[in-house]
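# Structural characterization, general
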Amino acid sequence: MLEFKIPTLEDKEQLEKFYEHVDERSCELTFANMVLWAPHYQVEFAIVNDMLVLRSKEKNTYSYPLGDGDIKKTLEILIEEEKQNGRSLMLHGITPARFERLEEMFPNQFEIEYDRDIADYVYASEKLATLAGKKLHGKRNHINRFKENCPDWTYEPITKDNIQDCMEMAQQWRVENGCDDDPEKKAEICVTFNYLKHFEELGVVGGALRTGGKIIAFTIGEAVTNDTLVVHIEKAYASIQGAYPMINQQFVQHCGTEYLYINREEDAGSEGLRKAKLSYRPEFLIEKGIAKLKEN
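Residues numbered from 1 in each chain as written. Predicted model: local features only at pLDDT ≥ 70, side-chain atom pairs only at ≥ 80, totals over all residues. Heavy atoms only, no water.

What follows deals with the overall build of the protein. Assigned secondary structure in the protein consists of eleven helices and 13 strands. At 20 Å, the protein has a C-alpha radius of gyration in line with the 19 Å of a compact globule built from 296 residues. The principal-axis extents of the C-alpha atoms in the protein amount to approximately 65 × 40 × 35 Å. Out of the 296 residues in the protein, the part that is buried amounts to 50%. Long-range pairs, those at least 24 residues apart, make up 70% of the contacts in the protein between residues at least 6 apart in sequence. Put simply, the protein shows about 14,900 Å² of open surface, and 46% of that area lies on carbon and sulfur atoms. Between the mean site of the 37 positive side-chain charges and the mean site of the 52 negative ones, the protein shows a separation of 5 Å. (Helix = DSSP H or I, 4+ residues; strand = E, 2+ residues; numbered from the N terminus. Rg over C-alpha atoms; globule rule 2.2 N^0.38 Å. Buried < 20%, exposed > 50% of the residue type's maximum accessible area, 1.4 Å probe, protein only. Contact = heavy atoms within 4.5 Å. Areas by Shrake-Rupley, 256 points an atom, 1.4 Å probe, with all protein chains shown as cover. Lys, Arg positive; Asp, Glu negative; His and termini not counted. Charge placed at Lys NZ, Arg CZ, Asp CG, Glu CD.)

Next up, the structure:
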């Protein structure tokens, strides 16, 4: 039986070397995202055949192996592991490209079901930075209103000097959005606090908007590949018109222009969030789903 354990920040040095082999732009393929969400989704890890494998205890699914080892052999080990447990192997977060590789290694042995709710929205960084063109005219209008209403606004990178200010803003956001009464919102705000608490350890980047001497919006992200930056966290006061579009644009202008793409993660099936993400005109979506080994 394989031995899995819950990942912690102490595993960063051991595990980060595997993330150097990420060749897809999926938002979950970063160490920071994995380690901070692991407790909420009961995710554990094991090094199998010199490759990193994550397991969701909640759903009995595994990640696609990560590293430069023998993927087919690693998957065969996982297939045998699940067989011993009386189950067929299921792999989560499988993109069309990865399913194609599964088909090459195990012809017609896996079936896949994609989930639209977990598809990532990927944008051209240049378009988010400039918001040029007729289709993004409404976003520019919101930003203009923000600048008119908050003439003293400033953008600043997140550092140890303003993390406490961001913490205070997040706490107020938590209250205003009823996070303690909603399990998903509660998990998300807890992860947000941990991103701030361990900001320097995680090696992520972030930016914040300040007006009236107070932080009113902030965002945190990290690179997933050489050409793609993922936005993991974005918080702003909804009562301040244009705060969300403004922090979105400013963060990309200051931290995202060296990347070709910006991944702004999924919509989790929220109709409002889906509408908002589509309104920014993504270049493409990253489909993901569960691949299951067919029963003989």
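So, on to helix α2 (residues 31–41). The buried fraction of α2 is high, at eight of eleven residues. Listed in full, the buried residues belonging to α2 are F31, A32, N33, M34, V35, L36, W37 and A38. Just downstream of α2 lies Q42, where phi reads positive at about 50 degrees.

In spatial order, the strands read β7-β8-β9-β10-β11-β6-β12; together these seven strands make up an open sheet with mixed pairing. Each having just a single partner strand, β7 (154–157) and β12 (284–286) make up the two edges of the open sheet. The average angle at which neighbouring strand axes cross in this sheet is 30 degrees, direction not considered. Two elements, strand β6 (residues 120–124) and strand β11 (residues 261–263), share three bridges in a ladder whose sense is antiparallel. Looking at β11, one finds that A124 is bridged to Y261. (Pairing = 2+ DSSP bridges. Axes fitted to C-alpha atoms, helices over the stretch in contact; angles between N-to-C directions.)

On to the pairing of strand β9 (residues 214–225). With ten of twelve residues buried, β9 is to be regarded as a mostly interior element. Strand direction decides the pairing type here: strand β8 (residues 205–211) and β9, joined by seven bridges, are antiparallel. Across the sheet, T211 pairs through a bridge with K214, a residue of β9. Linkage of β8 to β9, two consecutive antiparallel strands, is achieved through a turn of two residues, within which G212 is found at a positive phi near 60 degrees. Alignment of β9 against strand β10 (residues 228–236), held across eight bridges, turns out to be antiparallel. Note on β10: the bridge partner recorded for I220 is I233. In textbook terms, the turn of a hairpin is the stretch between consecutive antiparallel strands, and for β9 and β10 this stretch comprises two residues.

The next thing to look at is the nonpolar core. Counting residues in hydrophobic clusters, the biggest one holds 69 residues, and the most contacted among them are I158, Y195, F218 and I220. Of the residues forming this core, the biggest block, seven residues, is contributed by α2. Residues contacting I158, with those up to four places away along its chain left out, are I163, C166, L196, F199, G206, G207, A208, F218, T219 and I220. Listed in part, the 19 residues of the second largest apolar core include Y64, L78, F106 and F110. (Core = buried A, V, L, I, M, F, W, Y, C linked by side-chain atoms within 4.5 Å.)

Judged by how many residues are buried, β10 sits mostly within the fold: nine of nine residues are covered. When β10 meets β11, the two strands line up parallel, connected through three bridges. Bridge pairing in β11 links V230 to N263. Regarding the hand of the β-α-β motif, the stretch spanning β10, helix α10 (residues 243–256) and β11 is right-handed. (Right-handed = clockwise from strand over helix to strand, strands pointing away.)

A few words on the environment of E271. Within the secondary structure, E271 sits in helix α11 (residues 271–279). When the C-alpha atoms of E271 and D117 are compared, they prove to be 9.9 Å apart, with 154 residues separating the residues in sequence.

Bringing the UniProt feature "domain: Phosphatidylglycerol lysyltransferase C-terminal" (unreviewed entry) in the protein into the picture now. As recorded in UniProt, the sites labelled "domain: Phosphatidylglycerol lysyltransferase C-terminal" (unreviewed entry) are residues 22–287. In residues 22–287, the share of helix is 41% and the share of strand is 25%. The end C-alpha atoms are 17 Å apart. (UniProt positions renumbered as here; feature names shortened; annotations may be inferred.)

Tallying each qualifying case throughout the model produces 20 salt bridges. D227 is the partner of R25 in a salt bridge, and the nearest nitrogen-oxygen pair spans 2.8 Å. Taken together, the residues span a long stretch of sequence, with R25 in the loop between α1 (12–19) and α2 and D227 in the loop between β9 and β10 at a distance of 202 residues. What makes R25 partly exposed here is its relative accessible area of 26%. Residue D227 is classed as partly exposed on the basis of its relative accessible area of 22%. (Salt bridge = Lys/Arg side-chain N within 4 Å of Asp/Glu carboxyl O.)

Contact pair helix α7 (residues 163–176) / helix α8 (residues 183–197): the axes reach a minimum separation of 10 Å and the direction vectors enclose 175 degrees. With respect to each other, α7 and α8 are oriented roughly antiparallel. Within the contact between the two elements, α7 uses I163, C166, M167, A170, Q171, W173 and R174 and α8 uses I189, F193, L196 and K197. Across the contact of α7 with α8, the residue classes break down as eight nonpolar, one polar and two charged. (Parallel < 35°, antiparallel > 145°, perpendicular 65-115°, else oblique. Nonpolar A, V, L, I, M, F, W, Y, C, P; charged D, E, K, R; others polar.)

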